[in-house]
Amino acid sequence: MRSVIVVGGGISGLAAAWQLRGRADVTVLEGQARVGGKLRTGTLAGVTVDEGAESLMALRPEAVELAAAVGLGNALCDPARSPTTVWTHGALRPLPAGHVMGIPTDPAALTGTGLLSPEGVRRAEAEETLPAAPLTADCSVGAHLGARLGREAVDRLVEPLLGGVYAGRADRLSLRAAMPRVAALAEQGTPLLPALRRMRAAGAPRSAAVAVQGVAGGTGRFPQAVARACGARILTSTTARSLHRLPGGGWRVHAMTSDGPLTMDADAVILALPAFAAAELLRPHSPLAEEELAGIAHASTAVVTMVFSRARSHFLPEGNGFLVPPVDGRALKAASFLSNKWAWLHDSAPSVFVLRASIGRIGEDEVLDRPDRHLVRTAIAELHHAVGPMGEPLAARVTRWDRGLPQYDVGHRERVTRIREAVGKLPGLAVCGAAYEGVGVAACVATGRNAAKEILADD
Ligand SMILES: Cc1cc2nc3c(=O)[nH]c(=O)nc-3n(C[C@H](O)[C@H](O)[C@H](O)COP(=O)(O)OP(=O)(O)OC[C@H]3O[C@@H](n4cnc5c(N)ncnc54)[C@H](O)[C@@H]3O)c2cc1C
């Protein structure tokens with residue numbers, strides 16, 4: 001049997017290990033004390049809370065299918081039904097149904113919502129009548145949608161969604177990479193809104209913000225279940241430090257463990273790492289791959305989780321939470337009312353109300369330099385303005401995700417093609433993870449499984 005080392009025990013690496021089960025002797029090296037990466041469940045005031053990803057993107061099947069395959073089928077659950085809400089112009093304002101990543105497929109439905117000015121609504125409505133020259137090169141989401149729908153729609157409707165998914169900004173994110181369906185329509189030279197309405201009528205696309213599923217007990221259960229089911233040898237607290245090609249084929253990994261250095265050889269290696277970590281290991285073997293990977297920017301974010309006593313709070317908000325457009329200058333980019341959103345959480349801790357606030361988009365590192373207690377105070381103060389006076393939490397925790405979300409800047413798809421070509425020249429080596437074809441959990445599962453297939457196809 002071939003031996004394979006998977007470096008990185010996030011969901012991408014574990015999905016690769018799952019794909020290899022029974023077909024290779026697999027060892028997963030994970031630098032942290034537990035597997036899961038950005039899928040991490042913890043306990044706060046005795047309540048189970050997700051500190052990283054809180055849901056699985058269900059627009060595409062890979063994550064929910066793998067969760068079911070590893071025994072979590074019964075734990076998959078839908079969030080409470082509630083419209084996507086934007087905190088802007090001093091109030092929480094639901095986006096009308098039918099939006100696609102904030103793009104209003106029926107701009108007239110925005111009238112009276114207070115989301116856009118009457119001129120902003122008219123400008124978005126005019127999209128259908130604008131000439132649509134076929135797009136020939138990638139551009140930013142903001143440049144394309146600004147030209148089609150007007151800047152106000154980008155600032156107030158699209159930016160909040162991009163902040164929620166990528167912690168990114170419309171003027172940087174690539175249309176092709178972040179909104180491939182919209183890019184495909186732009187390349188055909190088709191007016192956007194009628195085409196999106198036709199696609200919706202045919203059953204797709206749904207908004208990314210609503211098409212998610214949770215895991216009862218926390219999404220952190222998902223990587224743990226994959227790790228158990230994949231049959232791989234899992235070495236935690238083991239950080240790969242360097243990678244060497246063996247003269248007869250195969251690779252040697254030098255790692256550092258809590259007990260000291262470790263050296264392992266294998267026929268193949270899968271790097272399931274953030275781009276900057278993969279860049280380090282690839283430097284001696286492919287300067288081109290190293291340079292391209294190191295060129296991918298990352299946004300840092302902080303998640304402020306708070307547990308409130310229901311008995312002692314004067315006020316508790318309704319709905320699933322809200323998103324915030326950067327144009328309003330708030331520190332919060334989103335808030336998720338977990339006890340409203342997830343029935344499993346409400347049922348397991350009925351006497352408390354749990355919410356999480358997210359802070360930090362690309363370019364907003366200054367706010368994240370503040371100490372934890374300051375971020376908690378900021379979150380409480382802004383929540384007070386957004387929803388009402390909730391009082392003081394019983395407990396609060398700040399979880400920092402330094403360089404946690406890769407940015408798919410303009411030209412990202414072409415960059416990924418160059419990386420894959422460069423890595424393809426290194427036999428027995430594959431890469432996967434959030435840096436390539438999608439940051440959502442489902443896309444990460446897909447890249448992990450594809451990397452494993454590449455390695456098996458080398459046989
Ligand atoms: C705060 C937050 C909220 C999110 N919410 C959602 C959500 O609700 N839904 C959704 O679909 N997506 C969400 N995402 C995105 C998604 O969770 C991530 O993109 C995805 O989990 C990344 O998985 P990964 O395996 O590619 O990378 P990671 O999870 O980063 O895993 C990589 C692993 O490699 C390890 N590692 C790094 N260097 C080394 C080394 N040298 N040796 C050994 N190990 C190493 C790390 O410790 C880590 O465990 C969220 C992301 C963040 C940050």
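The model shown is predicted, which means the values in this text are computed figures rather than measured ones. (Residues numbered from 1 in each chain as written. Predicted model: local features only at pLDDT ≥ 70, side-chain atom pairs only at ≥ 80, totals over all residues. Heavy atoms only, no water.)

### Quick word on the overall build of the protein
Along the protein, the regular secondary structure elements total 17 helices and 20 strands. Against the 2.2 N^0.38 benchmark of 23 Å for 459 residues, the protein shows a C-alpha radius of gyration of 22 Å, consistent with a compact globule. Considering only C-alpha atoms, the protein reaches an extent of 70 × 60 × 40 Å along its principal axes. When the 459 residues of the protein are sorted by exposure, 58% land in the buried category. Considering only residue pairs separated by 6 or more positions, the protein has 71% of its internal contacts joining residues 24 or more positions apart. Put simply, the protein shows about 18,300 Å² of open surface, and 50% of that area lies on carbon and sulfur atoms. The positive charge centre, built from 49 side chains, and the negative charge centre, built from 44, are 3 Å apart in the protein. (Helix = DSSP H or I, 4+ residues; strand = E, 2+ residues; numbered from the N terminus. Rg over C-alpha atoms; globule rule 2.2 N^0.38 Å. Buried < 20%, exposed > 50% of the residue type's maximum accessible area, 1.4 Å probe, protein only. Contact = heavy atoms within 4.5 Å. Areas by Shrake-Rupley, 256 points an atom, 1.4 Å probe, with all protein chains shown as cover. Lys, Arg positive; Asp, Glu negative; His and termini not counted. Charge placed at Lys NZ, Arg CZ, Asp CG, Glu CD.)

### Observations regarding the site of the ligand
Near the ligand you find 34 residues, and of these Ser12, Glu30, Lys38, Ser55 and Val439 are the closest. Residue Ala240 places a main-chain N or O atom 2.9 Å away from a nitrogen atom belonging to the ligand. Between the ligand and Val439 there is a distance of 2.5 Å, counted from an oxygen atom to a backbone nitrogen or oxygen. Expressed as a share of its isolated accessible area of 1,000 Å², the protein-covered part of the ligand is 88%. Those elements that provide at least two residues to the shell around the ligand are helix H1 (11-20), strand E11 (238-245), strand E19 (395-406) and helix H17 (441-457). Ranked by the residues each element gives to the shell around the ligand, the list is headed by E11, at three residues. (Near = heavy atom within 4 Å. Polar contact = N/O pair within 3.5 Å; in protein donor to acceptor, adjacent residues only side chain to side chain.)

### Some words on the packing of aromatic side chains
In the structure shown here, the tally under the stated rule is four aromatic pairs. For the ring pair Trp87 and Phe322, a centre distance of 5.6 Å and an interplane angle of 70° mean the geometry is edge-to-face. On the criterion of sequence distance, the pair formed by Trp87 in strand E7 (residues 85-88) and Phe322 in strand E16 (residues 321-323) is long-range, its members being 235 residues apart. Assigned by exposure class, Trp87 and Phe322 land together as buried. Between Tyr166 and Tyr408, the ring centres sit 5.8 Å apart and the planes meet at 55°, which makes this aromatic pair tilted. Of this pair, Tyr166 sits in helix H5 (residues 151-166) while Tyr408 sits in the loop between E19 and helix H16 (412-424), and the two are 242 residues apart along the sequence. A relative accessible area of 7% means that Tyr166 is categorised as buried. On the basis of relative accessible area, Tyr408 is assigned to the buried category, the value being 1%. Each member of the aromatic cluster is reached from another via a ring pair, and the members are Trp87, Phe322, Phe337 and Phe353. Lying over the aromatic face of Trp18, Arg21 brings its terminal NZ or CZ to 3.6 Å of the ring centre. When the ring centre of Tyr436 is taken as origin, the NZ or CZ atom of Arg420, which lies over that ring, is 4.9 Å away. (Phe/Tyr/Trp six-rings, centres within 6.5 Å; stacked < 30°, edge-to-face > 60°. Lys NZ or Arg CZ within 6 Å of the ring centre and 35° of its normal.)

### A closer look at a negative patch on the surface
A surface patch of negative charge is lined by Asp365, Glu366, Asp369 and Asp402. Tracing the chain through its elements places Asp365 in helix H14 (residues 365-368). (Patch = residues over 30% accessible without salt bridge, like charges linked within 9 Å, V, L, I, M, F, W, Y side chains within 5 Å. Salt bridge = Lys/Arg side-chain N within 4 Å of Asp/Glu carboxyl O.)

### Describing the nonpolar core
Membership of the largest hydrophobic core comes to 45 residues, with the highest contact counts inside it found for Ile103, Val141, Leu145, Leu162, Leu175 and Met179. When residues of this core are traced back to their parent elements, those giving at least two are helix H3 (118-125), helix H4 (141-149), H5, helix H6 (175-178), helix H7 (180-188) and helix H8 (192-201). A per-element tally of this core places H5 first, with seven residues. Residue-level mapping places this core at the junction of two domains, with at least three residues from each of domain 2 (95-201) and domain 3 (298-406). If sequence neighbours within four positions are ignored, Leu145 has contacts with Ile103, Gly150, Val154, Val158, Met179, Val182 and Leu192. Counting residues in hydrophobic clusters, the runner-up holds 43 residues, among them Ala16, Leu20, Ala225 and Cys432. (Core = buried A, V, L, I, M, F, W, Y, C linked by side-chain atoms within 4.5 Å. Domains from an automatic or database assignment.)

In short, the description is geometric, and any link to function would need to be established separately.
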